[in-house]
Amino acid sequence: MNKSDLINVVSAKAEISKKDAEKAVTALFDTIVEEVSNGNDIRIVGFGTFECRERKERTGCNPRTNEKITIPASKVPAFKAGKAFKDSVDAAK
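Below is a summary of the structure that appears in this document.

Parameters and conventions
- Residues numbered from 1 in each chain as written.
- Predicted model: local features only at pLDDT ≥ 70, side-chain atom pairs only at ≥ 80, totals over all residues.
- Heavy atoms only, no water.
- Helix = DSSP H or I, 4+ residues; strand = E, 2+ residues; numbered from the N terminus.
- Polar contact = N/O pair within 3.5 Å; in protein donor to acceptor, adjacent residues only side chain to side chain.
- Contact = heavy atoms within 4.5 Å.
- 1 Å grid on protein atoms, 1.4 Å probe; cavity = no way out; pocket = protein on both sides within 12 Å on 5 of 7 lines; lining within 4 Å.
- Points joined across faces, edges and corners; volume = space filled by probe spheres on them.
- Nonpolar A, V, L, I, M, F, W, Y, C, P; charged D, E, K, R; others polar.
- Pairing = 2+ DSSP bridges.
- Axes fitted to C-alpha atoms, helices over the stretch in contact; angles between N-to-C directions.

1. Points about the side chain of Glu-51
Alright, step 1. On the secondary structure map, Glu-51 appears in strand S2 (residues 48-55).
Alright, step 2. At a separation of 2.8 Å, a polar atom in the side chain of Glu-51 contacts the side chain of Arg-53.
Alright, step 3. Once you skip the residues sitting within four places of it in the chain, Glu-51 turns out to touch Val-36, Asp-41, Val-76, Pro-77 and Ala-78.

Next comes the structure, spelled out in structure tokens:
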């Protein structure tokens, strides 16, 4: 499913126009990106948590030359699914 598919489903389920659904979905995504970029967690009970995790500097290897390289520290976005979400996915086997 891509973003336009998601907008279509939200529009149908919420019984709103596609234009309003697009605004809502875009606002949600923008808010998640903005808050996680600022180091804040977003916890949605039953769904999951969006957070920023820090990776430490580490040593890697260039696969072409086998040369050791240093991979700098970085921040990465992460999502941890909540229990209800996990249970729902597990039940859909």
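The structure having been displayed, the exposition proceeds.
2. Structural notes on the layout of surface pockets
Alright, step 1. The space that makes up the largest pocket amounts to roughly 160 Å³.
Alright, step 2. Forming the walls of the largest pocket are Leu-6, Val-10, Val-25, Leu-28, Phe-29, Ile-32, Ile-44, Phe-47 and Phe-50.
Alright, step 3. Only helix H1 (3-14) and helix H2 (18-37) provide two or more residues apiece to the lining of the largest pocket.
Alright, step 4. Its residues placed into classes, the lining of the largest pocket shows nine nonpolar, no polar and no charged.

3. Concerning the sheet that holds strand S1 (residues 42-44)
Alright, step 1. If you walk across this open sheet you meet the three strands as S1-S2-S5, and the pairing is antiparallel. The sheet is open, and its two borders are formed by S1 and strand S5 (74-81), each paired with just one other strand. Going from strand to strand, the sheet's axes swing by 30 degrees on average, the running direction of each strand aside.
Alright, step 2. Sheet topology note: the S1/S2 ladder contains three bridges and is antiparallel. What sits directly across from Ile-42, in S2, is Phe-50.
Alright, step 3. Lying on the sheet, H2 is in contact with S1, S2 and S5; it crosses S2 at an angle near 40 degrees.

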